[in-house]
Amino acid sequence: VMWPGASLEEMQDQVVDKIERKLQETPGLDNIKSYTRAGSAVVMVDIRGDVFGRDVTDAFYQVRKKISDISANFPAGVLGPYFNDEFGDTYISLYAFSGEGFSYPELKAASKRARDAALRVPGVEKAQILGDQDEKIFVDVSSKTLAERGISAQSIADALAQQNSMDPAGRVETGVRSVRIAVDGFLHRVEDIRELRIRAGTETIRLGDVATVTSGLIDPPDRLFRYDGRDAVLLGIVMAKGNNVTKVGEGLAEAMKHLEADLPVGLRLDQISDQPKVVEHSIDEFFEALVEALLIVLAVSFLSIGWRAGMVVAITIPLVLCATFTAMEILGIDLQRISLGALIIALGLLVDDAMIAVEMMERKLDEGLDKVSAASFAYTSTAFPMLTGTLVTTAGFIPVGFAKSTAGEYVNSLFWVVGIALCLSWIAAVYFTPWLGNLILKSRPHTGAHHDAYDTRFYRSLRATIAWGVRRRVLVLAITFAAFEIGRAHV
């Protein structure tokens with residue numbers, strides 16, 4: 001909000017205090033901060049962290065409405081208040097227009113063409129030009145000349161305003177047409193301003209005789225940008241909600257490619273920020289992690305329980321991921337940084353249930369059970385313990401999913417994606433894995449007697465080692481703490 005000519009105290013007492021008192025009625029308000037100086041003030045409104053979604057939009061709508069309610073109570077001459085409440089906009093792409101020898105108006109003209117092209121791309125909501133410098137006309141006259149001629153600076157300003165005022169001159173109505181009458185006295189060029197006549201006492205003088213009239217850019221500059229050592233005008237692209245950033249990025253790249261071919265020689269179009277590429281790289285990282293997880297699971301499964309059991313586990317993982325993606329689509333959870341990170345975390349957990357189920361089937365097949373009986377035993381003996389472990393693991397992310405804060409709004413998909421993936425992994429392990437094991441696993445020869453699958457040299461040695469450690473637990477704990485201290489000393 002601005003009040004030209006007001007002192008700091010007048011600005012604070014007659015404008016800012018009224019705004020702050022009214023804004024204290026805003027629902028969900030956290031705090032109000034104001035920065036006041038002579039002639040202007042900035043008021044910052046912060047909404048509490050537990051307010052998010054549509055409630056945030058409604059809160060800022062209430063801010064606008066409440067300020068509009070008291071605007072009539074401001075002193076005469078107050079300009080504004082002006083609002084800036086679109087902090088949620090994020091540029092998915094940022095382009096720089098620059099070139100040696102090109103002025104800001106020329107750079108702005110090119111960026112305006114690019115803005116029009118970007119707005120025609122499906123999925124683009126806004127295209128904002130940043131760093132352009134407005135053109136101004138400067139009228140410089142010395143105080144000595146004003147005193148000699150008996151002219152005031154205000155009289156020159158009034159003459160310019162009156163000459164350029166827009167007043168209706170009427171129209172002529174006939175039986176067949178209506179003709180508008182226009183008084184052509186507008187100031188269109190610098191020469192028109194130089195030729196303007198103003199009153200100086202009893203005489204009329206030409207403005208160009210007492211003042212220097214020039215055109216140029218605003219001084220001091222407003223928000224200068226430079227790219228690669230050159231003055232630049234930027235174009236920021238904002239994507240509409242619910243769109244695929246990679247597809248929108250492809251459309252933007254195609255539009256800018258056509259535009260760049262028509263730019264003047266020497267004017268460069270460079271892309272500073274490319275969020276679609278970042279997202280694409282994140283997705284590639286996820287699929288790399290997926291492939292690595294599959295290879296590790298296959299290697300461990302093949303070495304420990306055979307290639308058939310490894311195939312059961314390896315087939316289960318893509319099934320769970322496909323079901324997870326489907327659930328995310330239904331619930332409106334997009335693929336973004338947090339959800340991709342949650343999927344990478346879930347990759348290390350969702351193989352556990354399938355491994356447990358198939359290993360139980362293998363053990364029962366080794367003991368002499370047929371495949372159907374082994375599959376049934378794997379279901380009845382592991383379903384409830386696995387469900388308990390799945391729910392306990394998911395419960396660890398509950399504070400993230402239900403945190404009523406700005407951070408909670410940002411990362412809550414971590415809880416939902418991990419929970420969905422683990423629950424679907426349990427469903428696949430208790431229903432799909434036994435059925436798949438019945439198809440892939442090989443039956444053992446039935447000898448008429450059951451045997452203990454763990455009664456082997458390896459398991460007997462492992463059992464003996466564990467028993468030794470339990471009996472000498474003080475020594476084992478001492479060795480463990482000593483290993484930690486040695487490791488910490490070498491970090």
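For the structure itself, look to the data block above.
Residues numbered from 1 in each chain as written. Predicted model: local features only at pLDDT ≥ 70, side-chain atom pairs only at ≥ 80, totals over all residues. Heavy atoms only, no water.

Let us now look at a negative patch on the surface. Among the surface-exposed residues, Glu250, Glu280, Asp284, Glu285, Glu288 and Glu292 lie close enough to one another that they form a single negatively charged patch. Of all the elements, helix α9 (residues 275-305) adds the most residues to the negative patch, at five residues. Position of Glu280 relative to the elements: it lies in helix α9. Note on Glu280: relative accessible area 38%, which makes it partly exposed. (Patch = residues over 30% accessible without salt bridge, like charges linked within 9 Å, V, L, I, M, F, W, Y side chains within 5 Å. Areas by Shrake-Rupley, 256 points an atom, 1.4 Å probe, with all protein chains shown as cover. Salt bridge = Lys/Arg side-chain N within 4 Å of Asp/Glu carboxyl O. Lys, Arg positive; Asp, Glu negative; His and termini not counted. Charge placed at Lys NZ, Arg CZ, Asp CG, Glu CD. Helix = DSSP H or I, 4+ residues; strand = E, 2+ residues; numbered from the N terminus. Buried < 20%, exposed > 50% of the residue type's maximum accessible area, 1.4 Å probe, protein only.)

This part is about the pattern of salt bridges. Scanning all chains against the criterion turns up 18 salt bridges. Here Lys108 ties to Asp132 by a salt bridge, and the two come within 3.2 Å at their closest N and O atoms. On the criterion of sequence distance, the pair formed by Lys108 in helix α3 (residues 104-119) and Asp132 in the loop between β4 (124-130) and β5 (135-140) is long-range, its members being 24 residues apart. Overall, the relative accessible area of 26% leaves Lys108 in the partly exposed class. Among the ionic pairs, Glu195 bridges to Arg206, the shortest N-O distance being 3.1 Å. Separated by eleven residues along the polypeptide, Glu195 in the loop between α6 (190-194) and β8 (197-200) and Arg206 in strand β9 (residues 203-206) bring together distant segments of the chain. Take Arg206: its relative accessible area is 22%, and that puts it in the partly exposed class. Bridged by salt links that share partners, the residues Glu195, Arg197, Arg206 and Asp209 form one connected network.

Take Ile345: it is sitting in helix α11 (residues 337-366). Residues Ile345 and Val297, spaced 48 residues apart in sequence, show a C-alpha to C-alpha distance of 15 Å. The contact partners of Ile345, leaving out residues within four places of it in the chain, are Phe397 and Leu414. (Contact = heavy atoms within 4.5 Å.)

Purely geometric stuff here, so don't read any function into it on its own.
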